[in-house]
Amino acid sequence: MPHNPTKESEHGFENGLATATGATAKPASRMPTSSTSSERHASTKVGTLATESVNTTIDTLDRVRVDSTGQVLTTNQGVKIADNQNSLKYGVRGPALLEDFILREKITHFDHERIPERIVHARGSGAHGFFECYESMAELTRAAPFQEAGKITPVFVRFSTVQGERGSKDTARDVRGFAVKFYTDEGNWDLVGNNMPVFFIQDAMKFPDLVHAVKPEPHHQMPQAASAHDTFWDFVSLMPESTHMLMWQMSDRAIPRSFATMQGFGVHTFRFVNVAGDSVFVKFHWSPVAGTHSLVWDEAVKISGADPDYNRRDLWERIEAGVYPEFELGVQVFTEEQAEKFSFDILDSTKIVPEELVPVRPVGKMVLNRNPDNFFAETEQVAFCAAHVVPGIDFSNDPLLAGRIHSYVDTQISRLGGPNFHEIPINAPIAQVHNNQRDGMHRQAIHRGKVAYEPNSLAGGCPFQAGAAQGFVSVPARIQAKEEQGKIRAKPEKFADHYTQAKLFSIVRALPSKPTLLLPFALSLVRSQCRLFASAWWPLCVMCQMIWLQVLPRGWACRPCLNPCPKP
């Protein structure tokens, strides 16, 4: 290629909306794109010539499964081990020898078997399955899973608790993670949500503070897998936007009976984008086909002592028995014009969009029908990220979502040892991967050729940009320009309403059975030992001010403690 014919199309807003496909030219032979002229020499290790236009690392998990039936023990270098019972010594009672490379390899690998656990959602359980679309949604989105009725998309799902560490119990009163990795034919899409539709905070700036407050207290590392401690209640008592989430956390939804009977939510507002580039807002809902069921507190406490793996075991045994967990995916779809008329801000993650305003439309069903072959290789190493979207799915301006888009990639780099975690088999897409990213820790792919940049002519322009017709294109921001707008650290005015939806929650869920919601607050707050307050009961009274006097219907007095609440 003597010149770059697409260079002029890089400039201007209109060209940005309709990106051109990159220029490419097919070379006369394989030699111009090869790494070496000696590639014609084959062996049982190097194989033969690379398959043209194919990334052969992208395949099913069969490519990495290991079955040792009928095989002898070997070292990691493939050397057969004659004796796996004794280390090499100088005489039967003599000292062990440093030259024993078999012992050294075995012990060294054992010493490095554990990897850093997730900062949150460390305790998790996973399963493979599939998603089946009910009907074409092409009028709303070009996202691959929704293009035709009956289309099947493989998925991997990880359920988790949030606060506890990797070895903590399943039945803690806690938020549950509900993360789904769709292996679509246009790349991986991670819908990373929770079993509650709202969250504690409105802006990612407060996420480290929230997690530091809810995690075990740093001076003594207690309590484990519980939010009933001083730092958590201290934080939320000063963050009134947490009120709505607290109502959910203190409800029965915080102790699901089974992962198979637990709802899931995308939490944030996303966008659907169709082929024409038209977009609408969307919120995602998972509904268990078996119904939503929870444990009561007394059950949860007893089960945690008898079987800390209660939910994990239940998920495994359901699948082994052929009683596959099923979930229906529903969406709430609404326009920007509709969103402007709501009394709340759809960018606020502490708010829901009531179904009375926007009904949930069922769009497909997910079935979990296969347990992992290896917990570590799949459930522990799977890496979800809110930034993993495909054409047809885009982000809103939710300030909490913006932080998650960055944070999840960053934490996987630390946890999984570098930027190539996408090559770990459970994380690899089924769509072909071709780019100019190279090297880094634990690189698996062996890229052919001398070219690792774009544009280029030496490789015929390949790989070239897909253009707007095929590739991912972000929805142009539609924010009304105002002279007073500029870079600022602030929140919209509608974010300031912290109690309306929390009060609606209390009317719908708490009134039929007051103790269901009152008791968890009382139990959690009574355990607080904070001495920063006037007395040991003071935290309870503070929460009475924030929640009960603000949220519950007028006239319903709350006295979970014996002392009268101070005036708010």
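For the structure itself, consult the block above.
What this report covers is the structure whose coordinates are included nearby. Keep in mind that this is a model prediction, so the values were computed, not measured.

## Considerations on the overall build of the chain
- A count of helices and strands for the chain gives 13 helices and ten strands.
- Looking at the chain as a whole, 44% of its 568 residues are labelled buried.
- Nonlocal contacts in the chain, meaning residues at least 24 apart in sequence, comprise 72% of its contacts between residues at least 6 apart.
- When the accessible surface of the chain is totalled, it reaches about 30300 Å², and 56% of it is carbon and sulfur.

## Things to note about the packing of aromatic side chains
- Across all of its chains, the model carries 24 aromatic pairs by this definition.
- Relative to F178, the ring of F159 has its centre 5.0 Å away and its plane inclined at 85°; by these criteria the two rings are edge-to-face. Here F178 lies in strand β3 (residues 176-184) and F159 lies in strand β2 (residues 152-161), a separation of 19 residues in the sequence.
- Assessed through its relative accessible area of 0%, F159 is described here as buried.
- F178 sits in the buried class, given a relative accessible area of 1%.
- Geometrically, the ring pair formed by W248 and F505 is tilted, given 5.0 Å between the ring centres and 50° between the ring planes. Taken together, the residues W248 in helix α5 (residues 243-249) and F505 in helix α11 (residues 500-510) connect sequence positions 257 residues apart.
- Judged by relative accessible area, which is 9%, W248 ranks as buried.
- Looking at K181, its charged tip hangs above the ring of F384, at a distance of 5.2 Å from the centre.

## Regarding the pattern of salt bridges
- Tallied over the full model, the rule gives 26 salt bridges.
- In this structure, R118 engages E380 in a salt bridge whose closest nitrogen and oxygen atoms are separated by 3.9 Å. Taken together, the positions of R118 in the loop between α2 (101-111) and β1 (124-133) and E380 in helix α9 (residues 375-380) put the pair 262 residues apart, joining distant regions of the chain.
- On the basis of relative accessibility, which here comes to 9%, the residue R118 falls in the buried class.
- When the shortest N-O distance is used, the salt bridge between E336 and R271 registers 3.1 Å. Of this pair, E336 sits in helix α8 (residues 336-341) while R271 is found in strand β6 (residues 270-273), placing the two residues 65 residues apart along the sequence.
- Using a relative accessible area of 8% as the deciding quantity, one classes R271 as buried.
- Linked by salt bridges that have partners in common, R123, D170, D307, D309 and R313 make up one network.

## Considering helix α3 (residues 207-214)
- Of the positions making up α3, those classed as buried are L210, V211, A213 and V214. Each buried residue of α3 sits inside an arc of 160° when the element is viewed along its axis, so together they form one side.
- Buried residues belonging to α3 abut α4 (230-237).

## Things to note about a nonpolar patch on the surface
- A cluster of nonpolar side chains, namely W297, V301, L519 and L523, defines an oily patch on the protein surface of about 330 Å² accessible area.
- Of all the secondary structure elements, the ones that give two or more residues to the nonpolar patch are α6 (297-306) and α12 (514-526).
- Structurally, V301 is set in helix α6.
- Residue class for V301 comes out partly exposed when judged on its relative accessible area of 43%.

## Focus on α4
- Buried residues dominate α4, accounting for six of its eight residues.
- Listed in full, the buried residues belonging to α4 are D230, F232, W233, F235, V236 and S237.

## Brief notes about the pairing of strand β9 (residues 361-370)
- The pairing of β1 with β9 spans six bridges and is antiparallel. Paired with G129 across the strands is L368, a residue of β9.

Calculation rules
- Residues numbered from 1 in each chain as written.
- Predicted model: local features only at pLDDT ≥ 70, side-chain atom pairs only at ≥ 80, totals over all residues.
- Heavy atoms only, no water.
- Helix = DSSP H or I, 4+ residues; strand = E, 2+ residues; numbered from the N terminus.
- Buried < 20%, exposed > 50% of the residue type's maximum accessible area, 1.4 Å probe, protein only.
- Contact = heavy atoms within 4.5 Å.
- Areas by Shrake-Rupley, 256 points an atom, 1.4 Å probe, with all protein chains shown as cover.
- Phe/Tyr/Trp six-rings, centres within 6.5 Å; stacked < 30°, edge-to-face > 60°.
- Lys NZ or Arg CZ within 6 Å of the ring centre and 35° of its normal.
- Salt bridge = Lys/Arg side-chain N within 4 Å of Asp/Glu carboxyl O.
- Arc of directions from axis to C-beta.
- Patch = residues over 30% accessible without salt bridge, like charges linked within 9 Å, V, L, I, M, F, W, Y side chains within 5 Å.
- Pairing = 2+ DSSP bridges.

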